[in-house]
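Residue-level structural notes
What follows is the residue order along each chain.
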Amino acid sequence: MKDYAVTQEMISALIEQFPFNEDFDSHAVIQQIMHRHPQQYTTDLYSFIKSDDPIRSLHASIGQRLLSMPEIEKSDAGKAPTANVRGNDTANQQWRRKIS
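Residues numbered from 1 in each chain as written. Predicted model: local features only at pLDDT ≥ 70, side-chain atom pairs only at ≥ 80, totals over all residues. Heavy atoms only, no water.

Another aspect to go through is the side chain of asparagine 84. Relative to the helices and strands, asparagine 84 resides in the loop between β2 (72–83) and β3 (89–97). Look at asparagine 84 and you get buried, because its relative accessible area is 17%. (Helix = DSSP H or I, 4+ residues; strand = E, 2+ residues; numbered from the N terminus. Buried < 20%, exposed > 50% of the residue type's maximum accessible area, 1.4 Å probe, protein only.)

See below:
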């Protein structure tokens, strides 16, 4: 697995702030990463510089990483359109924290 500047621990800490009884989406996680860890986000973004769309590639990789996080699961809501970092509504996975 690729080494990322935004670590799984950072993402887990952000996820802990979402309520158990409310769905959240990948865009919300990405916004929090950008806000709380801008240097690490930029480092990871730069690692995709040779991609046709580095932002989309990085955000897809974050979505894939969310799939492997044991503290969350896909919501029954599935995907829903929400605003991405470019302000466009795109279908995005809804998540829910698991009650431990």
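There's more to say after this.
For the rest of this paragraph, the subject is helix α2 (residues 26–36). Among all positions in α2, only Ser26, His27, Val29, Ile30 and Ile33 are buried. Summarising the axial view, the buried residues of α2 lie within an arc of 160°, below the 170-degree limit, and thus occupy one face. Here the buried face of α2 lies against α1 (8–15), β1 (24–25), α3 (38–46), α4 (54–67), β2 and β3. Its side-chain oxygen 3.1 Å from the backbone nitrogen of histidine 27, aspartate 25 forms the N-cap of α2. (Arc of directions from axis to C-beta. Contact = heavy atoms within 4.5 Å. Polar contact = N/O pair within 3.5 Å; in protein donor to acceptor, adjacent residues only side chain to side chain.)

What follows concerns the environment of isoleucine 30. Within the secondary structure, isoleucine 30 sits in helix α2. Isoleucine 30 sits 14 residues away from glutamate 16 along the chain, and the two C-alpha atoms are 14 Å apart. Excluding anything up to four places from it in sequence, isoleucine 30 contacts Tyr41, His59, Ile62 and Val85.

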